[in-house]
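Structural characterization, general
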Amino acid sequence: MSGNGPGQAPTITTKVPARLDRLPWSRWHWMIVIGLGTVWILDGLEVTVVGAIAGRISEDGSGLDISDAQITGVAAALYVAGACSGALFFGRLTDRYGRKKLFLITLSVYLAATALTAVSFTAWWFFLFRFLTGFGIGGEYAAINSAIDELIPSKYRGRVDLIINGSYWLGAMGGALLSVVALNTDLFPKDVGWRLTFALGVVLGLVILLVRRHVPESPRWMLIHGRAKDAERLVDEVEHEVEQDIGRPLPDPAGEMTVHQRGTIGFGEIARTVFRVYPRRATLGFALFVGQAFLYNAITFGFGSILVTFFDVPTGSTGYYFAVIAAGNFLGPLLLGRLFDTWGRRPMIAGTYILSGLLLFATAALFGAGVLTATTMTLCWCVVLFFASAGASSAYLTVSEIFPMETRAMSIAFFYAIGTAAGGISGPLVFAGLTESGAVSEAALAFCIGAALMVAAGLVAFFFAVAAEGRSLEDIATPLSAQPSDAGNGSGRGPTAPAI
């Protein structure tokens, strides 16, 4: 650590980012994935369960006086509004107080709100705790994506981030199949089964909380916030564990960087950095989130109602169909994720968005022509969402890696909140309004709106996406605390990355 005058922030020279990026995959990384990534399963479970059991909750005898449209429209919009609010609130705290403290707090908020949703006795109570459940989940997005990208080596960051975000659909599959059991009145009364689905989310969350206690703070965050010795000590421990795991010494890290440590960064500096230094990246983040948020929040909250309204599928059977499209959604990031690290971000992000949009236009045309059945409709959506899911997951990857480290959690929170507010709140409301009438043409119009937004986002990505594959986070976006000689370079090598 170099010396500084009185009152000046300490300046340190460190190899920590390079040491983290050159690590081979190990059991330690699996611990990170399981401890942090599995929360997406809870989110998928939450959203899917509500969509799948909406028909049952709105029936007489459910114990809750609420309509189907209120569940898939108002409650869905409140859940997303809560997620947007939580992302902004907890995102700011994540950048200020650290990743670990916040990903423990946000999961606790989720657990409490979900448990209280299960005991809903009136519509306003259900609405309130759907909002607060979303509030906790929104905070998770900012804290978790920040920590994952800062702990995973650059070689694997794209595929790991996509698969983790895609694991949402494992929860969706579980929620869909769980709803089939919970809605079986031979097993559970009408006013009990749907409550048990929320209770299971609490149980899973408690298990994840136990694992998450062992996930460390981000060494990159510690470097900036005056904890350089803790960061070095943590990376020493990780390297020792990895060397024991792989049975050979690690290669020397390539380069170093020098940073000025600081406590907090104000909103003004964050806003200037995101919108004045990186305007094209800001446009990219907004476009990606609006497109995927409209499509996914509308469909996941409303697919069960489509099956019931247009194909006369019994409410207790919609979970089977949703499990199929959930499988397609998970397979997309799983099978295509590696290509985001090899073929590159630009072709894969643009390609998945545009292709899924075009396929959705075709699905809308077939649906409007009346040639689809419940089965073929589900298969069409499965194909559409195979590509859309990889694209949607890449939105989270993109905003978490293209802005400076000091702004990372807040950037994720901002683009998630603004994009999701524009697409995720309007999506369920528009979708519920168009499908509730029972008119095929209006439902097809809802599909086309989602398709158009996905294609538009893909075109933005074609022109503005950043070639971040295989590059360190510090190389993609220069830390605000880095000395000018290290600009755009996490390892102390190479030219300054252009601010776009």
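A quick note: this is a predicted structure, and the numbers were derived from the prediction, not measured. (Residues numbered from 1 in each chain as written. Predicted model: local features only at pLDDT ≥ 70, side-chain atom pairs only at ≥ 80, totals over all residues. Heavy atoms only, no water.)

For the rest of this paragraph, the subject is the overall build of the protein. Assigned secondary structure in the protein consists of 19 helices and 2 strands. For the protein, long-range pairs separated by at least 24 residues make up 84% of all intrachain contacts whose partners lie at least 6 apart in sequence. Taken as a whole, the protein presents about 17,600 Å² of accessible surface, with 65% of it coming from carbon and sulfur. (Helix = DSSP H or I, 4+ residues; strand = E, 2+ residues; numbered from the N terminus. Contact = heavy atoms within 4.5 Å. Areas by Shrake-Rupley, 256 points an atom, 1.4 Å probe, with all protein chains shown as cover.)

Glancing now at the packing of aromatic side chains. In the structure shown here, the tally under the stated rule is 26 aromatic pairs. When the centroid spacing of 5.1 Å and the interplanar angle of 45 degrees are considered together, the rings of F121 and W125 count as tilted. Within the aromatic cluster, the residues linked to one another by ring pairs are F275, Y278, F403, F414 and F415. (Phe/Tyr/Trp six-rings, centres within 6.5 Å; stacked < 30°, edge-to-face > 60°.)

Turning next to the nonpolar core. Within the largest apolar cluster, 128 residues are counted, with the highest numbers of intra-cluster contacts made by F311, F367, W381 and F447. Counting residues per element, this core draws most heavily on helix α16 (residues 374-401), which supplies 15 residues. Of all hydrophobic cores here, the second largest spans 16 residues; its members include I53, I57, A75 and W194. (Core = buried A, V, L, I, M, F, W, Y, C linked by side-chain atoms within 4.5 Å. Buried < 20%, exposed > 50% of the residue type's maximum accessible area, 1.4 Å probe, protein only.)

Tracing the chain through its elements places L397 in helix α16. With relative accessibility at 0%, the residue L397 sits in the buried group. Contact partners of L397, with chain neighbours within four places excluded, come to D149, R157, G158, D161, L162 and R345.

What follows covers the pattern of salt bridges. Within the structure shown, the criterion is met by 18 salt bridges. The closest approach of N and O atoms between E232 and R19, which form a salt bridge, is 2.7 Å. One end of the pair, E232, is in helix α11 (residues 228-246); the other, R19, is in helix α1 (residues 16-21), and 213 residues separate them in sequence. Exposure remark for R19: the relative accessible area of 9% places this residue in the buried category. A single network of salt bridges, built from pairs that share partners, joins R19, R22, E232, D236 and E239. (Salt bridge = Lys/Arg side-chain N within 4 Å of Asp/Glu carboxyl O.)

A separate point is the side chain of D21. In this structure, D21 sits in helix α1. Excluding residues that lie within four positions of it along the chain, D21 makes contacts with I152, P153, S154, R220 and S472.

A residue-level look at the protein finds 89% of positions with pLDDT of 70 or above and a mean pLDDT of 83. The element-level mean pLDDT for the protein is lowest in helix α3 (residues 39-57), coming to 71, with helix α15 (residues 345-368) highest at 95. For the stretch residues 486-499, pLDDT sits under 50, and the model shows 34 contacts to residues farther than four places along the chain or on other chains. (pLDDT = per-residue confidence, 0-100.)

Okay, α11 next. Between its terminal C-alpha atoms α11 stretches 27 Å, which fits the 27 Å expected from 19 residues at 1.5 Å a residue. Where α11 is concerned, the buried positions are A228, A231, L234, V235, V238, E239 and V242. Burial along α11 is one-sided: seen end-on, the buried residues are contained in an arc of 140 degrees. Exposed side chains of α11 directed beyond 90 degrees from the buried face belong to K229 and Q244. Looking at the buried residues of α11, the elements they touch are β1 (11-14), α1, α2 (27-37) and α10 (219-224). (Expected span 1.5 Å × (residues − 1). Arc of directions from axis to C-beta.)

We now examine the packing of helix α8 (residues 168-182) against helix α14 (residues 318-342). Relative orientation of the contacting elements α8 and α14 amounts to 170 degrees, with a least axis distance of 8 Å. Relative to α14, α8 is oriented roughly antiparallel. In this structure, α8 contributes W169, L170, A172, M173, A176, L177, S179 and V180 to the contact, and α14 contributes G319, Y320, F322, A323, A326, A327, N329 and F330. Its residues assigned to classes, the contact of α8 with α14 shows 13 nonpolar, 3 polar and no charged. (Axes fitted to C-alpha atoms, helices over the stretch in contact; angles between N-to-C directions. Parallel < 35°, antiparallel > 145°, perpendicular 65-115°, else oblique. Nonpolar A, V, L, I, M, F, W, Y, C, P; charged D, E, K, R; others polar.)

Let us now look at the environment of F103. Inspection of the secondary structure assignment puts F103 in helix α5 (residues 99-118). In this structure the C-alpha to C-alpha distance between F103 and L209, which are 106 residues apart in sequence, comes to 9.3 Å. Setting aside its immediate chain neighbours within four residues, F103 contacts L36, E140, A143, I144, A147, R212, V215 and P216.

For α14, built from 25 residues, the straight-helix expectation of 36 Å at 1.5 Å per residue is met to within 8% by its first-to-last C-alpha distance of 38 Å. The largest bend along α14 measures about 40 degrees and falls at L336. A positive phi of about 115 degrees marks G344, the residue just after α14. (Bend = angle between axes of the 7 residues up to and from the residue.)

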